[in-house]
Amino acid sequence: MKNKENRPDDNEILREGVRHLSQAFSVVDRDLNLVIWNPQFAKLLGFPDELLYEGAPLASFFRHNAERGEYGDGDLDALVDERLELAKQHKAHRFQRVTKDGIVLDVVGNPLPSGGFVTTYTDVTERVNLEKELSRAKADSELASRISHTGFWRVQLDPQVLFWSPEVYRIYGLPAGQP
């Protein structure tokens, strides 16, 4: 809808802005029906077009996820009902969920004064994997620092030092980090 200056009205601007968010985004009303969403919501969460319409019940999205194993094993109705009961509380929530495809989602929902809630879904897979790698590297480093007189070698045609403990540097008078 355009106003008298042939400019989009506020609702049109809002919908356009939501469509261009980098995060997946949805709003449900107090009756737990979908009000607004963006293309990233459908893409990131893998929802088919037939589920996406204004007024679609939140239960249909929960059921879709349960049917494809997103919530683990168990009775489908019970899995859906459990999530619906939580949603009916209209409380702020934040959690991480791993999709069946291995995507780690940071899900943040905030209640609206009129009831319902707005939810953002952020793909944090890369960050989570990096944190795991850093944690493993730290654990490896701590283990290696306890080894007093050796180094780690990769055996191949031209052996290469992967890591030397601080004690090796001291024994051979090498500057730290210079095998």
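Read on for an overview of the structure. (Residues numbered from 1 in each chain as written. Predicted model: local features only at pLDDT ≥ 70, side-chain atom pairs only at ≥ 80, totals over all residues. Heavy atoms only, no water.)

1. Points about the pattern of salt bridges
And then number 1: This model, assessed by the stated rule, comprises seven salt bridges.
And then number 2: Across the salt bridge formed by Arg-68 and Glu-70, the nearest N and O atoms sit 3.6 Å from each other.
And then number 3: Since its relative accessible area comes to 22%, Arg-68 is described here as partly exposed.
And then number 4: In this structure, the salt-bridge partner of Glu-131 is Arg-127, at a minimum N-O distance of 3.4 Å. Highlighted residues: Glu-131 and Arg-127, both in helix 5 (residues 125-146), separated by four residues, approximately one helical turn.
And then number 5: Note on Arg-127: relative accessible area 41%, which makes it partly exposed. (Salt bridge = Lys/Arg side-chain N within 4 Å of Asp/Glu carboxyl O. Buried < 20%, exposed > 50% of the residue type's maximum accessible area, 1.4 Å probe, protein only. Helix = DSSP H or I, 4+ residues; strand = E, 2+ residues; numbered from the N terminus.)

2. A look at the sheet that holds strand 3 (residues 93-98)
And then number 1: Read across the open sheet, the five strands follow the order 2-1-5-4-3; overall the sheet is antiparallel. The two strands at the open ends of the sheet, each matched to only one other strand, are strand 2 (34-37) and strand 3. Shown here is a sheet whose adjacent strand axes are inclined to one another by a mean of 20°, direction ignored.
And then number 2: By the bridge criterion, three bridges tie strand 1 (residues 24-28) to strand 2 in an arrangement that is antiparallel. Within strand 2, the position partnered with Val-27 by the bridge is Ile-36. (Pairing = 2+ DSSP bridges. Axes fitted to C-alpha atoms, helices over the stretch in contact; angles between N-to-C directions.)

3. Details of the side chain of Arg-97
And then number 1: Along the chain, Arg-97 falls in strand 3.
And then number 2: Owing to a relative accessible area of 13%, Arg-97 belongs among the buried residues under this scheme.
And then number 3: For Arg-97, the side chain forms a polar contact with the side chain of Glu-70, separated by 2.9 Å. (Polar contact = N/O pair within 3.5 Å; in protein donor to acceptor, adjacent residues only side chain to side chain.)

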